[in-house]
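Commentary on secondary and tertiary structure
Below are the chains, spelled out letter by letter.
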Amino acid sequence: MESINNELLLNRGYVTYEDFGAVGDGIADDTTALKMTFAAAKKVVIKNGTYLISDTIDVESDAIIEISNAKILSTATENKKYIFDLTGKDNVKIYGDNATLEMSKPETVQQACVAIFDAHNILIDGLKLAKPGGDGIIIGGGTKKIAQDIFIQNCIIDNSRRNGISIIGAVDNVKVH
């Protein structure tokens with residue numbers, strides 16, 4: 001599998017969920033395939049489907065994520081779960097085109113679609129964030145460093161139980177357009 005993935009990276013410059021066995025039908029759990037995808041490459045392209053996940057996806061520094069005509073649907077039922085966790089990461093870009101990150105959760109669970117703590121140079125562009133159990137996006141600094149140079153643009157946050165975007169702790173240069 002590793003040689004196939006290296007060949008895909010060389011030929012295309014990115015990998016997709018499908019390269020790791022994701023189904024994208026909204027029924028099968030694609031968590032493992034998604035985690036493998038993000039571990040294999042810095043550029044990930046997600047297209048055409050509904051990808052069901054049951055755990056947080058940790059995004060690495062320097063990642064570029066392109067989501068097109070797709071939904072990532074989280075069924076996680078524990079507190080402090082996110083669709084994408086960018087905690088402590090730098091230089092991450094997430095682009096959406098008809099892209100939705102949606103939470104399907106019990107009413108008592110506090111979750112966010114995207115968590116950005118202690119991170120630098122983050123861009124979230126063109127996503128619809130739907131039904132988060134807490135905030136659509138939560139941004140904050142912690143004990144290690146401040147959240148700095150965070151840019152949120154062209155996003156729609158729908159049916160949030162708390163705030164669309166929460167900014168807590170030490171932050172610098174956060175822009176929302």
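Please refer to the structure higher up on the page.
To continue, consider the overall build of the protein chain. What the protein chain contains, in helices and strands, is 2 helices and 14 strands. Looking at the protein chain residue by residue over its 177 residues, the buried ones come to 47%. Look at the contacts in the protein chain between residues 6 or more apart in sequence, and 66% of them connect residues 24 or more apart. Working note: accessible area of the protein chain is about 8,100 Å², and carbon and sulfur atoms make up 47% of it.

In terms of strand pairing, strand S9 (residues 120-130) meets strand S11 (residues 147-153) through 5 bridges, oriented parallel. Bridge pairing in S11 places Leu123 opposite Phe151.

Despite not being glycine, Asn48 has its phi angle at roughly 45 degrees, a positive value. The residue Asn48 is located in strand S3 (residues 43-53) in this model. Asn48 gets classed as exposed once you look at its relative accessible area, which sits at 55%.

Once their charged atoms are close, side chains differing in charge can pair, the charge on each being opposite to the other. On inspection of all chains with the given rule, the structure shows 8 salt bridges. Between Asp158 and Lys128 there is a salt bridge, and its shortest N-O distance comes to 3.9 Å. Separated by 30 residues along the polypeptide, Asp158 in strand S12 (residues 156-158) and Lys128 in strand S9 bring together distant segments of the chain. Given the relative accessible area of 36%, Asp158 is considered partly exposed.

Further remarks concern helix H2 (residues 31-40). Among the residues of H2, Thr31, Ala33, Leu34, Thr37 and Phe38 are the ones counted as buried. Buried residues of H2, viewed axially, fall in a sector of 165 degrees; they line one side. Exposed residues lying more than 90 degrees from the buried face of H2 are Thr32 and Ala39. Tucked into the core, H2 has its buried residues touching strand S1 (15-16), strand S2 (25-29), S3, strand S4 (57-58), strand S5 (64-74) and strand S6 (82-85).

Right, let's talk about the side chain of Ser61 for a bit. Relative to the helices and strands, Ser61 resides in the loop between S4 and S5. Those residues in contact with Ser61 that lie beyond four places of it in its chain are Lys42, Gly88, Lys89, Asp90, Asn91 and Val92.

The subject of this paragraph is the sheet that holds S4. Judged by pairing direction, the sheet is parallel, and its 5 strands sit side by side in the order S4-S6-S8-S10-S13 without closing on themselves. At either margin of the open sheet sits one strand with a lone partner, and together these are S4 and strand S13 (165-168).

Attention now goes to the environment of Glu18. Along the polypeptide, Glu18 turns up in the loop between S1 and S2. A sequence separation of 29 residues divides Glu18 from Lys47, and the C-alpha atoms of the two residues are 9.4 Å apart. Non-local contacts of Glu18, meaning those with residues more than four positions away in its chain, are made with Lys47 and Tyr51.

As a general feature of sheets, a regular strand has side chains that alternate between the two faces. Here S5 pairs with strand S7 (residues 90-103) via 10 bridges, running parallel. Paired with Leu73 across the two strands is Glu102, which belongs to S7. Across 9 bridges, S7 lies against S9 in parallel orientation. Note that in S9 the partner of Asp90 across the bridge is His120.

Inspection of the secondary structure assignment puts Lys89 in the loop between S6 and S7. Buried charged residue Lys89 carries no salt bridge. Nearest counter-charge: Glu60, at 4.6 Å. Looking at Lys89, its side chain comes within polar contact range of the main-chain oxygen of Thr87, at 3.2 Å.

Cut-off values and rules
- Residues numbered from 1 in each chain as written.
- Predicted model: local features only at pLDDT ≥ 70, side-chain atom pairs only at ≥ 80, totals over all residues.
- Heavy atoms only, no water.
- Helix = DSSP H or I, 4+ residues; strand = E, 2+ residues; numbered from the N terminus.
- Buried < 20%, exposed > 50% of the residue type's maximum accessible area, 1.4 Å probe, protein only.
- Contact = heavy atoms within 4.5 Å.
- Areas by Shrake-Rupley, 256 points an atom, 1.4 Å probe, with all protein chains shown as cover.
- Pairing = 2+ DSSP bridges.
- Salt bridge = Lys/Arg side-chain N within 4 Å of Asp/Glu carboxyl O.
- Arc of directions from axis to C-beta.
- Lys, Arg positive; Asp, Glu negative; His and termini not counted.
- Polar contact = N/O pair within 3.5 Å; in protein donor to acceptor, adjacent residues only side chain to side chain.

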